[in-house]
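Here are the chains, one letter per residue:
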Amino acid sequence: MANEENEATDSMVRFEKVRKFYGEIEVLKGISLNVSRGEVISLIGRSGSGKSTALRCINGLEAINEGRLHVCGRALHDAHIDLRALRRDVGIVFQSYNLFPHLTVLQNITLAPRKVRRLPLKEATDLALRVLNQVGLFEKANAYPSELSGGQQQRVAIARSLAMEPRLMLFDEVTSALDPELTGEVLRVIEKLAADGMTMVIVTHEMAFARSVADQLVFMNQGIVWETGNGDMLRQPRTEELQQFVGSGL
Amino acid sequence: MIYKFDFSFLLQYWPELLRGVWLTLRMTLLSILPGFAVGTLCALGRIYGPVNLARAIKTYVELIRNTPLIIQVFWLFFGLSALHFRISALAAAVIALVVNVSAYTAEIMRAGFEAIPKGQLEAASCLAMSRRQMIWHIELPQAVERVYPALVSQFVLMMLATSIMSQISADELTGAADLIQSFTFRGFEAYIVVAVIYLIIVSLMRLVMLASAAMLFPRLRALRSPL
Amino acid sequence: MLFNLTPEQFFYIFRGAGWTIVLSMLGVAGGVLLGIPIALARVSRHTWLKRASGLYVQINQAIPLPVTMFVVYFGISIGGYTVPVLVAAALALTVNAAAYLGEIWRGSIESVPSTQWEASESLALSYVQRMQYVILPQALRISIPPTVGFVVALVKNTSYAVVIGMSELTYSSRVVNNTTFQPFVIFTIAAGLYFMMCYPLSVLSLRLERIVRQA
């Protein structure tokens with residue numbers, strides 16, 4: 001019991017033989033994965049490999065059908081799980097930013113802290129300006145999302161999640177929708193977060209970035225964890241599939 | 001024989017016209033907010049409610065939208081008085097208008113809600129917001145902004161629909177013209193004057209609602225571009 | 001005796017429904033005939049045509065139909081003519097419908113992609129030829145669902161003819177109610193008859209919209 005608890009406090013995400021179906025199609029075929037506190041892991045693989053699905057299971061956007069999944073000490077395979085409570089600890093950034101267009105940048109960021117964490121306006125505003133500064137957009141506080149570039153909007157999305165002071169951050173292909181010259185600013189923000197010790201799960205196509213920022217790389221293929229390792233894994237793939245994947249420059 | 005236009009009745013009957021205008025405005029103002037509120041709740045009920053509720057609301061909406069307002073008013077007013085429920089013509093008119101406008105508003109707002117990209121709702125729920133918080137802070141403001149022109153048109157139509165209320169002896173503006181006509185036999189002039197007054201009211205209504213848009217939608221005021 | 005109504009009273013109500021149908025068809029016919037030139041004027045290159053038709057539309061959309069009915073009714077008698085109430089009502093419906101249909105069709109014409117205008121211009125077609133062979137056929141398709149939707153509104157609008165004493169469905173049911181005081185029964189029947197006329201058209205309009213959108 002004590003061992004389990006020790007493991008539990010150090011493990012932020014633990015997949016145990018998780019399977020997921022979309023109707024008849026098996027998308028996750030029994031994956032097992034562990035993410036410890038402070039660790040950064042990157043899920044890589046082709047489209048349809050199940051990496052985004054696995055990520056979305058972590059904060060309950062997708063439900064699992066078999067197996068066990070523990071996130072921040074909570075059991076997602078439990079039907080009675082309180083998703084709202086979980087999502088206060090787990091932040092996520094989406095490929096399409098999903099900012100609220102009718103609110104200013106500042107309002108986008110202060111909305112959840114004020115309504116969910118019930119912070120008073122002043123505290124929420126201070127917090128928002130702090131995280132805006134962290135992502136380098138302090139001067140854009142009163143702009144509307146439509147006035148910002150894609151890279152800036154994505155950084156605001158990151159700030160918005162950070163304002164909830166999560167213990168775990170999820171990134172779902174956050175640079176895939178950006179023009180190439182804008183991805184750099186977003187990746188630098190993520191690198192800084194990693195350096196500050198945030199636990200992160202990153203789904204990305206940016207191989208160089210994944211290699212530099214992640215402690216662990218997880219190559220997924222056809223719904224299975226095909227290979228795991230650190231950055232060297234990409235230079236010396238053990239399986240043919242990973243070799244093909246790296247070779248194709250994806 | 002050329003008809004001689006005679007607008008002199010205005011000198012004597014302008015109080016009746018004014019009273020008619022006042023009742024028209026009162027009926028309209030009393031019906032807009034409740035109609036909007038009930039209509040929005042119906043739209044939300046259809047989107048988020050249990051299947052039975054959604055079906056019931058759809059039935060209500062189709063019934064109201066496929067029958068004339070005047071029949072709805074008669075049904076309510078004469079029905080209630082047959083049940084010996086004493087209700088003023090104004091009250092009956094307002095109730096019928098609210099029921100009627102809600103059905104049309106429900107459809108307009110439903111379109112507004114459904115046009116909001118689902119990604120935003122996903123993001124909001126991942127920020128641990130409750131459904132009620134999502135609806136109030138994210139969905140409602142955007143839906144209203146998006147369908148605002150349709151809402152304005154609907155409320156103008158509702159104001160115009162008050163003209164039928166003189167059929168249940170609510171003496172609004174059209175009823176005032178009828179009164180003048182019966183006393184002076186200047187029907188044509190009376191209704192021309194009343195038509196002009198309606199034109200003025202509609203223009204003022206649109207002006208007020210346009211001005212409110214600037215107040216209600218700060219983003220529109222700042223950027224002047226649609227959502 | 002069903003619901004305490006005599007067969008004669010039933011027949012009277014149903015006859016009113018018949019007149020509603022007649023009035024609706026007259027209103028649609030007139031509205032279409034007058035609406036087409038209005039719509040064309042709204043998209044015309046001649047500014048005065050655009051302004052004049054715009055004024056016509058604005059005025060008619062800001063006046064309640066009962067008032068229009070009265071104006072037409074009294075206007076005709078001033079001109080020295082006596083016409084049956086049906087004609088006056090049909091005329092008022094026409095004037096009103098032309099304004100709304102004109103706007104609907106203007107919208108349809110304007111929603112034909114501008115690339116079509118450019119393409120037909122580069123083929124050296126005249127304005128009339130462009131409209132006749134390229135723009136209007138496409139606008140027609142787009143305009144059918146909202147037009148059918150407006151026909152529903154027009155059927156409901158015929159109920160306003162009660163104010164000038166035409167014995168359509170609303171008037172007939174009111175008369176029967178005045179003698180029998182069975183408002184719930186009578187007006188439910190009337191509502192049911194209107195519903196049977198309008199609901200199929202509403203459903204048709206939705207279905208047509210789906211067809212147009214997919215193509």
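From a predicted model like this one, the values you see are computed outputs, not experimental measurements.

Enquirer: Explanation requested: the overall build of chain B in the structure shown.
Expert: Secondary structure assignment for chain B yields 9 helices and 0 strands. Seen in sequence order, chain B has helices and strands lined up from the N terminus as α-α-α-α-α-α-α-α-α. C-alpha extents for chain B along the principal axes are approximately 75 × 50 × 30 Å. Taken over 227 residues, chain B has a buried fraction of 45%. When contacts within chain B are restricted to residue pairs at least 6 apart in sequence, those whose partners lie at least 24 apart make up 76%.

Enquirer: What should I look at first to understand the overall build of chain C in this one?
Expert: Secondary structure assignment for chain C yields 8 helices and 0 strands. Mapped in sequence order, the helices and strands of chain C form the string α-α-α-α-α-α-α-α. The dimensions of chain C, computed from C-alpha atoms along their principal axes, are 70 × 45 × 20 Å. In chain C, which comprises 215 residues, the share counted as buried stands at 43%. Contacts spanning at least 24 positions in sequence make up 79% of the contacts within chain C whose residues lie at least 6 apart.

Enquirer: So what exactly am I meant to see when it comes to the interface of chain A and chain B here?
Expert: One widely used convention gives an interface's size as the accessible area the parts lose upon coming together. Counting residues at the interface gives 19 residues for chain A and 20 residues for chain B. Classifying every residue of the side of chain A that touches chain B by side-chain character gives 10 nonpolar, 5 polar and 4 charged.

Enquirer: I'm lost on the interface of chain B and chain C in this one. Help?
Expert: In this complex, chain B contributes 27 residues to the contact, which on the side of chain C involves 31 residues. The element best represented in the side of chain B that touches chain C is helix H8 (residues 187–216) of chain B, accounting for 9 residues.

Enquirer: Help me out: how do you make sense of the pairing of strand S7 (residues 168–172) of chain A in this one?
Expert: Regular strands have side chains that alternate between both faces of the sheet. Residue and element names in this part refer to chain A. Within S7, 5 of the 5 residues are buried, leaving the element largely enclosed by the surrounding structure. Burial of S7 is two-sided: the residues Leu-168, Leu-170 and Asp-172 facing one way and the residues Met-169 and Phe-171 facing the other way are all buried. Where strand S6 (residues 90–93) meets S7, 4 bridges bridge the pair, whose relative direction is parallel. Directly across from Ile-92, in S7, lies its bridge partner Leu-170. With 5 bridges connecting them, S7 and strand S8 (residues 199–203) associate as parallel partners. Bridge pairing in S8 places Phe-171 opposite Ile-202.

Enquirer: What is the right way to look at the sheet that holds S6 of chain A in this model?
Expert: Residue and element names in this part refer to chain A. Taken in spatial order, the 6 strands of this open sheet run S6-S7-S8-S3-S9-S10, and their pairing is mixed. Each end of this open sheet is capped by a strand with a single partner; those strands are S6 and strand S10 (224–229). With strand direction ignored, the average angle separating the axes of adjacent strands in the sheet is 20°. By the bridge criterion, 4 bridges tie strand S3 (residues 40–44) to S8 in an arrangement that is parallel. In the strand pairing of S8, Leu-43 is matched with Val-203. The strands that helix H6 (residues 150–162) touches are S6 and S7; relative to S6, the one it contacts most, it runs at about 170°.

Enquirer: I'm lost on the arrangement of the chains in this one. Help?
Expert: Where the 2 pairs of chains in contact are concerned, the greatest contact count is recorded for chains B and C. Spatially, chain A and chain C are disjoint, and the shortest separation between their C-alpha atoms is 26 Å.

Enquirer: Whenever I open this one, the sheet that holds strand S2 (residues 25–36) of chain A confuses me. Can you help?
Expert: Within a beta sheet, neighbouring strands are joined by backbone hydrogen bonds and run either parallel or antiparallel to one another. Residue and element names in this part refer to chain A. A sheet is described by the order of its strands in space; here 4 strands give the open sequence S2-S1-S4-S5, paired in antiparallel fashion. With partners counted over all chains shown, the strands left at the sheet margins are S2 and strand S5 (74–75), one partner each. Strand direction decides the pairing type here: strand S1 (residues 11–22) and S2, joined by 9 bridges, are antiparallel. Residue pairing across strands places Phe-21 opposite Glu-26, the latter belonging to S2.

Enquirer: Help me understand the packing of helix H1 (residues 7–42) of chain C against helix H4 (residues 85–110) of chain C in this model?
Expert: Between two packed helices, both the angle of their axes relative to each other and the distance between the axes serve to describe the pair. Residues and elements named next belong to chain C. In contact at an axis separation of 6 Å, H1 and H4 are set at 40° when each is read in the N-to-C sense. Judged by the inter-axis angle, H1 sits oblique to H4. The crossing of H1 and H4 is right-handed. Contacts between H1 and H4 pair Leu-23, Leu-26, Gly-27, Gly-30, Gly-31, Val-32, Leu-34, Gly-35, Ile-38, Ala-39 and Arg-42 from the former with Leu-86, Ala-89, Ala-90, Leu-93, Thr-94, Ala-97, Ala-98, Leu-101, Gly-102, Trp-105, Arg-106 and Ile-109 from the latter. When grouped by side-chain class, the residues that make up the contact of H1 with H4 number 15 nonpolar, 6 polar and 2 charged.

Enquirer: Got a minute to help me understand the environment of Ile-224 of chain A in this structure?
Expert: All names here are of chain A. Here Ile-224 shows up in strand S10. On the neighbour-count criterion, Ile-224 (15 C-beta atoms within 10 Å) is partly exposed. In this structure, the C-alpha to C-alpha distance between Ile-224 and Met-169, residues 55 residues apart in sequence, is 22 Å. Residues within four places of Ile-224 in sequence aside, it is in contact with Lys-29 and Ile-31.

Enquirer: Help me out: how do you make sense of the nonpolar core in this one?
Expert: It is characteristic of soluble globular proteins that their nonpolar side chains tend to be buried jointly. Among the nonpolar cores identified, the biggest contains 119 residues, and Val-73, Ala-93, Tyr-191, Val-194 and Tyr-198 of chain B together with Met-69 and Ala-190 of chain C are the most heavily contacted of them. In this structure Met-69 of chain C touches Ala-89, Ala-92, Tyr-160, Ala-161, Val-163 and Ile-164 of chain C, once residues within four positions along its chain are discounted. Core analysis: the next-biggest nonpolar cluster, separate from the first, contains 84 residues, Ile-64, Leu-193 and Leu-242 of chain A together with Ala-128 of chain B among them.

Enquirer: Looking at this structure, I do not really get the environment of Pro-120 of chain A. What am I missing?
Expert: Turning to its location among the elements, Pro-120 of chain A is positioned in the loop between helix H4 (105–115) and helix H5 (121–134). Between the C-alpha atom of Pro-120 of chain A and that of Glu-24 of chain A, which follows or precedes it by 96 residues, the distance is 48 Å.

About the thresholds
Residues numbered from 1 in each chain as written. Chains lettered and ligands numbered in written order. Predicted model: local features only at pLDDT ≥ 70, side-chain atom pairs only at ≥ 80, totals over all residues. Helix = DSSP H or I, 4+ residues; strand = E, 2+ residues; numbered from the N terminus. Buried ≥ 20, exposed ≤ 12 C-beta atoms within 10 Å, placed from the backbone. Contact = placed C-beta atoms within 7 Å. Nonpolar A, V, L, I, M, F, W, Y, C, P; charged D, E, K, R; others polar. Pairing = 2+ DSSP bridges. Axes fitted to C-alpha atoms, helices over the stretch in contact; angles between N-to-C directions. Parallel < 35°, antiparallel > 145°, perpendicular 65-115°, else oblique. Left-handed = near helix turned anticlockwise from the far one by under 90°. Core = buried A, V, L, I, M, F, W, Y, C linked by C-beta atoms within 7 Å.

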